[in-house]
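# A structural walkthrough
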Amino acid sequence: MTHIHVIHENAAWLEPLADALNALALPWRDWFFDRGIFDLSRPPPEGVFYNRMSASSHTRGHRYAAELTAAVLAWLEGHGRRVVNGSRALDLEISKARQYAALEAAGIRTPDTVLVAGKELLVAAAQQHFGAGAFILKPNRGGKGLGVRLFNGADALGTYINGLDYEPPVDGLHLLQEYVRGQVPLITRAEFVGGRFIYAVEVDTSDGFELCPADACAVGDTACPSTEGPLAKFTIVHDIDAALKRGYEAFLSANDIAVAGIEFVTDSSGAVYTYDVNTNTNYNREAEIRAGRSAMTALARYLGDELSRVARRSDAAD
């Protein structure tokens, strides 16, 4: 029997998908990628391989999980296996600079961004490109909004990077980015399964930039915001601008990305800026319950359909 193989490194984030796959009685296997042994001289197993490797894997002690995943994906793809969110998706997941290049190539506007290699160059770069204005510092390889900070001038940045709270980015690359002030303090995250829009979620940014929607974040990860409180942090909306949606779907198709959450903000003049593509996307259960939606169910069905296609091709070949 062929299986759906789920490649990941975060058991807490896997639970909702596991529940959805089990509810549909789909055959699947857990590929936990922190370490392992893979015989590259032999063909991999049959089936569908869904890559959920996260850019933030290093924050959970899995420093080389993304590198391991890249190697295994090359092996799988070399043998013609069906990989959902394959090598190109992983490449964009672990590099915001490459994300922005791909988005701009697709005609999608991103905030002005400066790539800086070398901590000692940050202050001068901020002064040159942003003057006394506000800007954001973020790691090139991040996740969950970790390491994203807003500064109102280069002096404040200098104080931070020379202080005890500073953490160097795992790949040595910083991004300085234009701060896009939204019409209201929220961003929108458009969710796609099978390369098609399913819904969007509006996220209240009043408490900062760490916007992980996963249930595990909400209940057990102090690095992510809680959904509890008088106002919902995450609210599902059922559609976005039609032209923006078409642009995102074309971008995903061009980059062989089937599953993603794409984040954007609308400034005071109504201009839309896209600033993050999450190919290891999570969903907020409380928001879904209020809206009567289940993205994990949609994802499980999509993976099941892909598995059926693989099985039919295998039967035809025999």
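Described below are features of the structure shown in this document. Within each chain, residues carry numbers counting from 1 in the order of the written sequence. For this predicted model, a pLDDT threshold of at least 70 governs which residues receive local features, and a threshold of 80 or more governs which side-chain atom pairs are given and counted, while totals over whole chains, interfaces and linings are taken from all residues. Excluding hydrogens and water, the side-chain figures rest on all heavy atoms present in the structure.

Only DSSP runs of H or I reaching four residues or more are called helices, and only runs of E reaching two or more are called strands; each is numbered from the N terminus. Counting its regular elements, the chain contains 10 helices and 13 strands. Between the two quantities, the radius of gyration covers C-alpha atoms and the globule rule is 2.2 Å times the number of residues to the power 0.38. Scaling as 2.2 N^0.38, a compact globule of 318 residues should have a C-alpha radius of gyration of about 20 Å, and the chain matches this with 20 Å. Oriented by its inertia axes, the alpha-carbon framework of the chain measures out at about 65 × 45 × 40 Å. Throughout, a contact is declared for two residues whenever any of their heavy atoms are within 4.5 Å. Across the chain, contacts joining residues at least 24 apart in sequence account for 70% of those joining residues at least 6 apart. For every accessible area listed, the method is Shrake-Rupley and the probe measures 1.4 Å; residues are considered covered only by the protein chains on display. Split by element, the accessible area of the chain, about 14600 Å² in all, is 50% carbon and sulfur.

Pairs may arise between side chains of opposite charge once their charged atoms sit close together. When a carboxyl oxygen of Asp or Glu is within 4 Å of a side-chain nitrogen of Lys or Arg, the pair counts as a salt bridge. Tallying each qualifying case throughout the model produces 13 salt bridges. A salt bridge links Arg 60 to Glu 9; its shortest N-O distance comes to 2.6 Å. With Arg 60 in the loop between strand E3 (47-51) and helix H2 (65-78) and Glu 9 in the loop between strand E1 (3-8) and helix H1 (11-23), this residue pair connects regions lying 51 residues apart in the sequence. A salt bridge links Asp 276 to Lys 96; its shortest N-O distance comes to 3.0 Å. Linking Asp 276 in strand E13 (residues 272-278) with Lys 96 in helix H4 (residues 96-105), this pair joins segments that are 180 residues apart in sequence. In this structure, Asp 276 and Lys 96 share a single accessibility class: buried. Using a 1.4 Å probe on the protein chains alone, a residue whose accessible area is under 20% of its type maximum counts as buried, one over 50% counts as exposed, and one in between counts as partly exposed.

A separate point is helix H10 (residues 295-317). The end-to-end C-alpha separation of H10 is 33 Å, in line with the 33 Å expected for 23 residues at 1.5 Å each. Regarding H10, the residues found buried are Ala 295, Met 296, Leu 299, Ala 300, Tyr 302, Leu 303, Gly 304, Glu 306, Leu 307 and Val 310. Between the first and last residue of a helix there are one fewer steps than residues, each counted as 1.5 Å, and that sum is the expected span.

Moving on: the packing of helix H5 (residues 122-130) against helix H6 (residues 154-161). Relative placement of two packed helices is described by the angle separating their axes and the distance separating the axes. Here an angle of 0 to 180 degrees is reported between the N-to-C directions of two axes, which are lines fitted to C-alpha atoms, with helices fitted over the stretch in contact. Direction vectors running N to C along H5 and H6 enclose 165°, while the axes themselves pass 9 Å from each other. In this view, H5 runs roughly antiparallel relative to H6, as classed from their interaxial angle. Two packed elements cross with a definite hand, and for H5 against H6 that hand is right-handed. On H6, the residues that touch Leu 122, Val 123, Ala 126 and Gln 127 of H5 are Ala 154, Leu 157, Gly 158 and Ile 161. Residues were grouped as follows: Ala, Val, Leu, Ile, Met, Phe, Trp, Tyr, Cys and Pro as nonpolar; Asp, Glu, Lys and Arg as charged; and all remaining residues, including Gly, as polar. Tallied by class, residues from the contact of H5 with H6 come to six nonpolar, two polar and no charged. Reported orientations rely on four angle classes, namely roughly parallel under 35 degrees, roughly antiparallel over 145, roughly perpendicular from 65 to 115, and oblique for the rest. For any helix crossing, the convention is left-handed if the near helix is rotated counterclockwise from the far helix by under a right angle, and right-handed if that rotation is clockwise.

A 1.4 Å probe that fits but cannot get out identifies a cavity on a 1 Å grid over protein atoms alone, an open set with protein on both sides within 12 Å along at least five of seven lines counts as a pocket, and a residue lines either if it has an atom within 4 Å of a point. Grid points are joined across faces, edges and corners, and a volume is the space filled by probe spheres set on the points. By volume, the second largest pocket is sized at about 450 Å³. Considering the residues around the second largest pocket, the lining is formed by 22 residues, among which Leu 146, Gly 147, Val 148, Tyr 160 and Glu 167 are closest to the centre. If you tally residues by element for the lining of the second largest pocket, the top one is strand E6 (residues 135-139), at three residues. Of the residues that constitute the lining of the second largest pocket, the class distribution is 10 nonpolar, six polar and six charged.

Our focus in this paragraph is the sheet that holds E3. Note on pairing: two strands pair once DSSP finds at least 2 bridges between them. Read from one edge of the open sheet, four strands run E2-E1-E3-E4, paired in parallel fashion. Strands with a single pairing partner mark the edges of an open sheet, and in this sheet they are strand E2 (28-32) and strand E4 (82-84). Between one strand and the next, the sheet's axes are offset by a mean angle of 20°, whatever the strand orientation. Where E1 lies against E2, five bridges are found, and the strand directions are parallel. Opposite Val 6, over in E2, you have Asp 30 as the bridge partner.

Don't take any of this as a statement about function, it's just geometry.
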